[in-house]
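Residues per chain are reported as follows:
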Amino acid sequence: MRRYMGLMFEAVVKDDERGFLYRDGRFVRLLEPGRVRSVDLMNEMSAEVFKVVRAEIPAERALLMEKTQPAIADTNFVIVQAGPTEVAIVSFDGEPRHLVLPNTTRAFWKSLTQVDVEMIDASADMRIAKRHLDRLDVARVPVAVNAIVEAHEAGLLSVDGKLEGRLPPGRHAFWQVGRTVKVAKVDLRPQPLEITAQEILTKDRVGVRVTLTAFYQITDPEKAVLASGDVPGTIYRLVQFAIREAVATRTLDDILAARDTIDEEVRSFVRQRVAELGAEIKEIGVKDVILPGDVRELL
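All figures in this text were calculated on a predicted structure; none of them were measured in a lab.

1. Regarding the overall build of the chain
In terms of helices and strands, the chain carries 8 helices and 20 strands. For a compact globule of 299 residues, the expected C-alpha radius of gyration is about 19 Å, and the chain comes in at 35 Å, more than 25% above that figure. Dimensions of the chain along its principal axes, counting C-alpha atoms only, are 110 × 45 × 25 Å. Considering the chain as a whole, with its 299 residues, one finds that 42% of them fall into the buried category. Pairs at least 24 apart in sequence give 65% of the contacts found in the chain among residues at least 6 apart. When the accessible surface of the chain is summed, it comes to about 16500 Å², and 49% of that surface belongs to carbon and sulfur atoms. Charge separation in the chain, taken as the distance between the mean sites of 42 positive and 46 negative side-chain charges, equals 5 Å.

Written out as structure tokens, the structure reads:
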């Protein structure tokens, strides 16, 4: 837009644009593509030009036009207002482009673009339908929880802190609107656990360092999630306690002569308690018994 000879107002609107013409800040008319000239002796006129192809218009502006110029608003805008439990998918010429979040209003130009709106009541079904999954990048949607459960995993669905059930392998997505949704994934394969060396005093007051190797497997994912937030860490500490008890009640000679017995004691102690965590000890055994340097030389 520009001034012409100081007496005329001129505005140019391109094919992919529309304009609002104002006089003294009051709306006069919608400007279609082309050139408009008008006498403006008092410098009263102004214009605001917008791109309208696959474009958004500030919602406040669209709502004002809807009230003051309903015919123009109906012809040029699509105004989307999502309620507290709703989301809306906005498509331009058949291509999904925007997601309108709950309690949000957005407006779009439809002058040169086919604008389609699909309203979704997220309170009716928290699971995101496959047809919506195909149209949305749910990883970038702030009100969606997306998870892929692998074949060797169990997916546990919690809503507002309550465990709702187990999800089968596959892709799952849920609307997190008016609720807090979490998907915890539990690996069901046997897992190795290395218990690093710790110094323990034997019954005859010799300090030895013992390392162990264990294999555990989650057998009850629901129990595991509810019983402990850190199953491997809990098993680790149980094994440490068990080996300390087994070593502290034996002399060094007994330890060196009875490693199989110690393995069985530790396994029995840990197995019983690990079952309460929804897990199972597959194997556990003493890997190394490291003696003090002077004792090694003596032996």
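Still more ground to cover, so stick around.
2. Description of the sheet that holds strand S6 (residues 45–51)
Strand order in this open sheet of 3 strands is S4-S3-S6, and the pairing throughout is antiparallel. This sheet does not close on itself; its edge strands, each paired only once, are strand S4 (26–31) and S6. Strand-to-strand, the axes of this sheet are offset by a mean angle of 25°, without reference to chain direction. Here strand S3 (residues 17–23) runs beside S6; their pairing, made up of 7 bridges, is antiparallel. Considered in S6, the bridge of Tyr-22 is made with Ser-46. Against the sheet, helix H1 (residues 59–68) engages S3, S4 and S6, with an angle of about 65° to S3.

3. Observations concerning the nonpolar core
Proteins that are soluble and globular tend to have nonpolar side chains buried together. With 33 residues, the main nonpolar core has Leu-212, Ile-235, Val-239, Ile-243, Val-266 and Val-270 as its most contacted residues. Residue assignment for this core shows that the elements contributing at least two residues are strand S18 (191–201), strand S19 (207–218), helix H5 (231–248), helix H6 (252–257), helix H7 (259–275) and strand S20 (279–290). When residues in this core are grouped by element, the largest group, 8 residues, is from H5. Those residues in contact with Val-270 that sit more than four places away from it in its chain are Leu-238, Val-239, Ala-242, Ile-281 and Ile-284. Membership of the second largest hydrophobic core comes to 15 residues, among which are Ile-89, Leu-99, Ile-120 and Leu-136.

4. Section: the environment of Gly-34
In this fold, Gly-34 is placed in strand S5 (residues 34–39). On the basis of relative accessibility, which here comes to 34%, the residue Gly-34 falls in the partly exposed class. For the pair Gly-34 and Val-13, spaced 21 residues apart in sequence, the C-alpha separation works out to 5.2 Å.

5. Quick notes on the pattern of salt bridges
Using the criterion set out here, one finds 20 salt bridges in the structure. Between Arg-18 and Glu-32 there is a salt bridge, with the nearest N and O atoms lying 3.1 Å from each other. With Arg-18 in strand S3 and Glu-32 in the loop between S4 and S5, this residue pair connects regions lying 14 residues apart in the sequence. In this structure, the salt-bridge partner of Glu-44 is Arg-23, at a minimum N-O distance of 3.1 Å. Residue Glu-44 is found in the loop between S5 and S6, and its partner Arg-23 is found in strand S3; the two are separated by 21 residues along the sequence.

6. Things to note about the packing of H5 against H7
In contact at an axis separation of 9 Å, H5 and H7 are set at 140° when each is read in the N-to-C sense. Judged by the sense of rotation from one axis to the other, the crossing of H5 with H7 is right-handed. When H5 is examined against H7, the residues Ile-235, Leu-238, Val-239, Phe-241, Ala-242, Ile-243 and Ala-246 are found in contact with a partner set consisting of Ile-262, Glu-265, Val-266, Phe-269, Val-270, Arg-273 and Val-274. Looking at the contact of H5 with H7 residue by residue, the class counts come to 12 nonpolar, no polar and 2 charged.

7. A word on the environment of Gln-217
Mapped onto the fold, Gln-217 is located in strand S19. On the accessibility criterion, Gln-217 (19% relative accessible area) is buried. Within the structure, the side chain of Gln-217 is placed 2.7 Å from the backbone oxygen of Leu-188, a separation counted as a polar contact.

8. A few points about the packing of aromatic side chains
On inspection of all chains with the given rule, the structure shows 9 aromatic pairs. Between Phe-20 and Trp-109 the ring centres are 6.1 Å apart and the planes differ by 35°, which places this aromatic pair in the tilted class. In this pair, Phe-20 sits in strand S3 while Trp-109 sits in strand S11 (residues 104–109), placing the two residues 89 residues apart along the sequence. Judged by its relative accessible area of 0%, Phe-20 falls in the buried class.

Definitions and limits used
Residues numbered from 1 in each chain as written. Predicted model: local features only at pLDDT ≥ 70, side-chain atom pairs only at ≥ 80, totals over all residues. Heavy atoms only, no water. Helix = DSSP H or I, 4+ residues; strand = E, 2+ residues; numbered from the N terminus. Rg over C-alpha atoms; globule rule 2.2 N^0.38 Å. Buried < 20%, exposed > 50% of the residue type's maximum accessible area, 1.4 Å probe, protein only. Contact = heavy atoms within 4.5 Å. Areas by Shrake-Rupley, 256 points an atom, 1.4 Å probe, with all protein chains shown as cover. Lys, Arg positive; Asp, Glu negative; His and termini not counted. Charge placed at Lys NZ, Arg CZ, Asp CG, Glu CD. Pairing = 2+ DSSP bridges. Axes fitted to C-alpha atoms, helices over the stretch in contact; angles between N-to-C directions. Core = buried A, V, L, I, M, F, W, Y, C linked by side-chain atoms within 4.5 Å. Salt bridge = Lys/Arg side-chain N within 4 Å of Asp/Glu carboxyl O. Left-handed = near helix turned anticlockwise from the far one by under 90°. Nonpolar A, V, L, I, M, F, W, Y, C, P; charged D, E, K, R; others polar. Polar contact = N/O pair within 3.5 Å; in protein donor to acceptor, adjacent residues only side chain to side chain. Phe/Tyr/Trp six-rings, centres within 6.5 Å; stacked < 30°, edge-to-face > 60°.

In short, geometric facts, not functional conclusions.
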